[in-house]
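# Observations on chain architecture
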Amino acid sequence: MAKYMRQAGVDAVLEETGPFTVFVPTDKAFRALLVQLGGPDRAEDNFLLHHVVPGAFRVSDLMAGDEMTGVSLAGTQLRANLYARQLYDNRWNDIEVLTVNGARVLDDVNPPASAAVNDGSTSDDGSGGSTQQRRDMVLSSSGSAGGSNQQQIMAIGHAVDRVLFPLPVGDVLATMRADRQRRYNVFLRAVDEHCSPNVRSLLTGSRTVTVFAPVDEAFRVRRGSGNYSTSSSSGSIVDWMLHEDTSSRFKKRNRRRIADRFVLSHVVLAGPGDPPMYTAGLRFYQVRDTAYRLPEGGDSAAAAEEDDEGAAEDFNGGGDDGNLTVSPNDGEKSRFYQLTVYKDSGRIRLNGGAAQVLVRNVPATNGVLHGLDAPLV
């Protein structure tokens, strides 16, 4: 990355107008992204400046709060999140993971460094030698600070396991609409045409959310329910749920509740102080509540299928997404439809393998988006 920063003149900006903090992808990660983008000429100034925030922040500063959010020199949003057992009990199996927009901030290692694993973590064999510094690296300094012999740090760097890409473009809904491959049309149609305003407000508001949105291809087959072909004009699983059964529970007046249940069952709300669910913070097996509250007397998705009452009852009127009458993770686990999430050979699987994450860690201003290969309900 340093070579492209020099070519673009970004290094001169750092030296002249600091202090700054730079999140530096490893050479391997940066080369991989350049191939994806189509060559080094695509690494424009704006893309490089996305990795730089004003102020010299050490790792201890980034870990000081539950979440730190800053605006990069490119005008984009960067979020530093800490996943730690002391903060999040046993839901996170690693003791400590620090991420920036989902990229893991790498630990210092002692040579010879062992090979990195898929999720960017490293293992240290405990051998001696000088430490390879990958955190709190002084990239540039200038003059003396306060008349002393100490130099003022103009830029400090932290190595991350992947390039901070794609750049956040807005909230979760705006992010899905901006997808260049247009992979979320069916899910967006459910939100735009069928869901209540409160559900849309939740996805566009300031509350931190993790959205597991099935991609369009996922709706060609609904797992566990036989084959469902998109040969129909719409190809929407929502339309299928609404029109397959003509009984009273699928009457027009109930369609909004059914759509609300479908969408909210794919949304995880972060509790107070919780980060969004970036894959770098996922370890082994965990159970998380979705934003869909099960109907009274129901403790499973099957109960929700039989009675769609309560799909949007968590929301007060007025479209204020911050006013939830009962929040997930508040100790009433049985009241919410739950997701099981686990990592299996580098793959993120949900609900016992019913769905798998195909598109990972797409950052949004209010959380993170993942694309699934199958709907969850």
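Look up: the structure comes first, before these words.
Here goes a summary of the coordinates provided. Keep in mind that this is a model prediction, so the values were computed, not measured.

## Focus: the pairing of strand E14 (residues 355-364)
Counted residue by residue, E14 has eight buried out of 10 residues, so it is predominantly covered. Examined bridge by bridge, strand E13 (residues 347-350) and E14 share two bridges and lie antiparallel to one another. Across the sheet, the residue bridging to arginine 349 is glutamine 356, located in E14. For E14 and strand E15 (residues 367-372), the ladder comprises five bridges, and the chain directions are antiparallel.

## A word on the nonpolar core
Within the largest apolar cluster, 47 residues are counted, with the highest numbers of intra-cluster contacts made by Met176, Val211, Val263 and Leu350. Among the nonpolar cores identified, the runner-up in size contains 15 residues, and Phe23, Val59, Leu98 and Val100 belong to it.

## Re the sheet that holds E15
In sheet architecture, strand pairing relies on hydrogen bonds along the backbone and comes in two forms, parallel and antiparallel. Taking strand neighbours across the sheet as the criterion, the seven strands line up as E10-E9-E15-E14-E13-E12-E11 in an open arrangement whose pairing is mixed. The open sheet is flanked by strand E10 (267-269) and strand E11 (285-293), the only strands paired with a single partner. Neighbour-to-neighbour, the strand axes of this sheet turn through a mean angle of 30°, independent of strand direction. Against the sheet, helix H9 (residues 197-204) engages strand E9 (209-214), E10 and E11, with an angle of about 65° to E10. Sheet strands touched by helix H11 (residues 255-264): E10 and E11. Its angle to E11, the strand with the most contacts, is close to 155°.

## A short note on the packing of H9 against H11
Packing of H9 against H11 leaves a shortest axis separation of 10 Å and a crossing angle of 20°. One way to sum up the angle between H9 and H11 is to call them roughly parallel. Between H9 and H11 lies a crossing of left-handed hand. Between H9 and H11, the contacting residues are Pro197, Val199, Leu202 and Leu203 on the first element and Arg256, Asp260, Val263 and Leu264 on the second. Classifying every residue of the contact of H9 with H11 gives six nonpolar, no polar and two charged.

## Focus: the packing of aromatic side chains
A complete count under the given rule lists three aromatic pairs for this structure. Their ring planes at 50° and their centres at 6.4 Å tell us that phenylalanine 187 and phenylalanine 262 sit as a pair that is tilted. Taken together, the residues phenylalanine 187 in helix H8 (residues 185-194) and phenylalanine 262 in helix H11 connect sequence positions 75 residues apart. Considering the side-chain rings of phenylalanine 219 and phenylalanine 262, the 6.3 Å spacing of their centres and the 50° angle between planes classify their relative orientation as tilted. Of the two residues, phenylalanine 219 sits in the loop between E9 and helix H10 (237-243) while phenylalanine 262 sits in helix H11, which places them 43 residues apart along the sequence. On the accessibility criterion, phenylalanine 219 (1% relative accessible area) is buried. Pairwise contacts between aromatic rings join Phe187, Phe219 and Phe262 into one cluster.

Calculation rules
Residues numbered from 1 in each chain as written. Predicted model: local features only at pLDDT ≥ 70, side-chain atom pairs only at ≥ 80, totals over all residues. Heavy atoms only, no water. Buried < 20%, exposed > 50% of the residue type's maximum accessible area, 1.4 Å probe, protein only. Helix = DSSP H or I, 4+ residues; strand = E, 2+ residues; numbered from the N terminus. Pairing = 2+ DSSP bridges. Core = buried A, V, L, I, M, F, W, Y, C linked by side-chain atoms within 4.5 Å. Axes fitted to C-alpha atoms, helices over the stretch in contact; angles between N-to-C directions. Contact = heavy atoms within 4.5 Å. Parallel < 35°, antiparallel > 145°, perpendicular 65-115°, else oblique. Left-handed = near helix turned anticlockwise from the far one by under 90°. Nonpolar A, V, L, I, M, F, W, Y, C, P; charged D, E, K, R; others polar. Phe/Tyr/Trp six-rings, centres within 6.5 Å; stacked < 30°, edge-to-face > 60°.

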